[in-house]
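A look at the structure
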Amino acid sequence: MAKEQKTSGAAAGAAAFKTFTPMAARPAPKDLTGVTAWLRTNLFSSVPSALLTFLGLWIAWSVLSALVSWGWVNAVFQASSRRECLDKVGLSGACWPGVVVWIPNLIYGLYPKDQVWRINWGALLLIVWLLPLWLPRVQSKIIIGFSTVLLFPLLASYLFLGGPKGWIWTALIAVGLTGFLWSLLTAASESLGGGPFLRLAARLMGAKTAEEEAQRGRLALLGLFAIAVLLVTQWNLDFVPTRVWGGLFLTLVISGFAITFSLPAGIILALGRRSKMPVISLLCTTFIELFRSVPLITILFMFNTMLPLFLPAGVEVNQLLRAIVAVCLFASAYMAEIVRGGLQAIPRGQYEAASAMGLGYWQSTSLIIMPQALKIMIPNIVGIFIGLLKDTTLVSIVGLFDLLSMARAIARDPGWIGLFLEPMFFITVVYFIFCFAMSQYSMSLEKRLGAGERR
């Protein structure tokens, strides 16, 4: 009798649990399949859900219809001035000719029109350099990625700036070109199944042992460097001062340097703050807290106005360089705290397991701890990168004409005076495209690395 009562009680409990299961968790009725089942489960599962769905659809329709009416239906696409646009539609439609006329300035700033090809070639160079990262048969992706981050600025600096080259700058540019050539040859040889380029070159030179492969691989790399030096010595590009750099080009330059510098600097600062050596820990903590406690706009003002006062007489730092250094240091402090949070999320057992395997501090950090921490921190890291891209608009206060400054300049053009809304809408779309692309790439990277899987 007792067993029967217990059995009936369990059955009643199970029935009650099924009765009170939330609507969203219930399976779709058998007679509903496909799109109908999805709509029933996700959008119309209850009366409040249906009301919110209709409210959201009404808001989306209102915004999109107004946007299409302003930007397409009532818009003006051919006009010679802002006055002509106002005569045609007044304020009910967009005036796109002013934006079209200023698009070269929005992208390149005041860069000389006959030298714009250098920026285009620099962008193409970066795309080609990064292309092997998406080729499935390329095995040296990590090294190619590091070579892009470290060596592309050396090559692009002369491509964008130009001017006379000393022997030091010639050597640095040649190093960058060597890295580019090595990346292309390595990607080609690995895609064709020949292995890394230096190993393939060593075998073609008759190397049979591992020692001979290493020696002749270095000779092949030295040969690439000699070819790069010969090519660099033939380059003679006109000097383009940084004061004419601007638009989207300047925004990407500043944010690119900040993104490239902030992650490795943040890792070093985070490890230094967690160090058991008091002096190093104190210095890193002071740096992090100082730059995190001051707004970026204040740091930009300090570097732009106060830094020259501390330099020796006759020494002048480029205005663009001051802004880049300020943004890099500011981003490094925030990145350091994100990295520290990721390191604290790693279970203590991982440290103990690395110690039990006989690994030292740097081995356990680089091989076991840091890869796991970086995988956990992907969303926060990308959030910092997106914030850096948008924060570059603050450099306008120190006299640099970034994308936002060039959009504001359209309203001061005598032919398009008062044209504010259309340029702002255009740069909003540009920022959205770049930020959305970074966000989607981070999500795909999380899925590929399994960073979001439940344990």
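Residues numbered from 1 in each chain as written. Predicted model: local features only at pLDDT ≥ 70, side-chain atom pairs only at ≥ 80, totals over all residues. Heavy atoms only, no water.

Some words on the state of the cysteines
Here, disulfide denotes a covalent bond that connects the sulfur atoms of two cysteines. Applied cut-off: Defined by distance alone, a disulfide is two cysteine sulfur atoms within 2.5 Å. What counts as a helix is a DSSP run of H or I of at least four residues, what counts as a strand is a run of E of at least two, and both are numbered from the N terminus. To sort residues, take the accessible area from a 1.4 Å probe on protein chains only and compare it with the maximum for the residue type: under 20% means buried, over 50% means exposed, and anything in between is partly exposed.
Evaluated as defined, the whole model comprises 1 disulfide. A sulfur-sulfur distance of 2.1 Å marks the disulfide that ties C85 to C95. Because the sign of the S-S torsion sets the handedness, a value of about 50 degrees for the bond joining C85 and C95 places this disulfide among the right-handed ones. Taken together, the residues span a long stretch of sequence, with C85 in helix 4 (residues 82-89) and C95 in the loop between helix 4 and helix 5 (97-108) at a distance of 10 residues. Note on accessibility: C85 and C95 belong to one class, buried. Here C328 is not cross-linked by a disulfide; its sulfur's nearest cysteine counterpart is in C284, at 17 Å.

Observations concerning the confidence of the model for the protein chain
Spelled out, the test is: For every residue, the predictor states its confidence as a pLDDT score lying anywhere from 0 to 100. Any two residues having at least one pair of non-hydrogen atoms within 4.5 Å are treated as being in contact.
Scored by pLDDT, the protein chain has a mean of 86; 91% of the residues are at 70 or more. Overall, residues 1-32 carries pLDDT values under 50, and its contacts beyond four positions in sequence, including any with other chains, amount to 8 contacts.

A word on the pattern of salt bridges
What counts here: Salt bridge, as used here, is a side-chain nitrogen of Lys or Arg placed within 4 Å of a carboxyl oxygen of Asp or Glu.
One pass over the full model with this rule turns up 7 salt bridges. Its salt-bridge partner being E289, residue R273 comes within 3.0 Å of it at the nearest N-O pair. Pair noted here: R273 is in helix 11 (residues 247-273) and E289 is in helix 12 (residues 278-292), with a separation of 16 residues, a long-range link. By relative accessible area, which is 29% here, E289 ends up partly exposed. What you see here is one network of salt bridges that share partners, running through R273, E289, R292, E337 and R340.

A few points about the packing of helix 16 (residues 361-376) against helix 17 (residues 378-391)
Two quantities define a packed helix pair, namely the angle between the helix axes and the distance between the axes. To keep it simple, the criterion reads: Only the stretch in contact is used when a helix axis is fitted, and all axes are lines through C-alpha atoms; the angle between N-to-C directions ranges over 0 to 180 degrees. Amino acids are sorted into nonpolar (Ala, Val, Leu, Ile, Met, Phe, Trp, Tyr, Cys and Pro), charged (Asp, Glu, Lys and Arg) and polar (every other residue, Gly among them).
Axis separation between helix 16 and helix 17 bottoms out at 5 Å; the angle between their running directions is 65 degrees. Where helix 16 abuts helix 17, its residues L374, K375 and I376 lie against I378, P379 and I381. Within the contact of helix 16 with helix 17, the residues separate by chemical class into 5 nonpolar, no polar and 1 charged.

Let's talk about the domain arrangement of the protein chain
As a reminder of what qualifies: Bear in mind that the domain bounds are from an automatic or database domain assignment. Note: buried area is the sum, over both parts, of the accessible area (probe 1.4 Å) each one loses when the two are combined.
Along its sequence, the protein chain is carved into domain 1 (74-111 + 242-448) and domain 2 (116-239). Its C-alpha centre places domain 1 at a distance of 27 Å from the equivalent point of domain 2. The interface is formed by 8 residues belonging to domain 1 together with 10 residues belonging to domain 2. At the boundary of domain 1 with domain 2, total buried surface from both sides reaches about 820 Å², with 78% on carbon and sulfur atoms.

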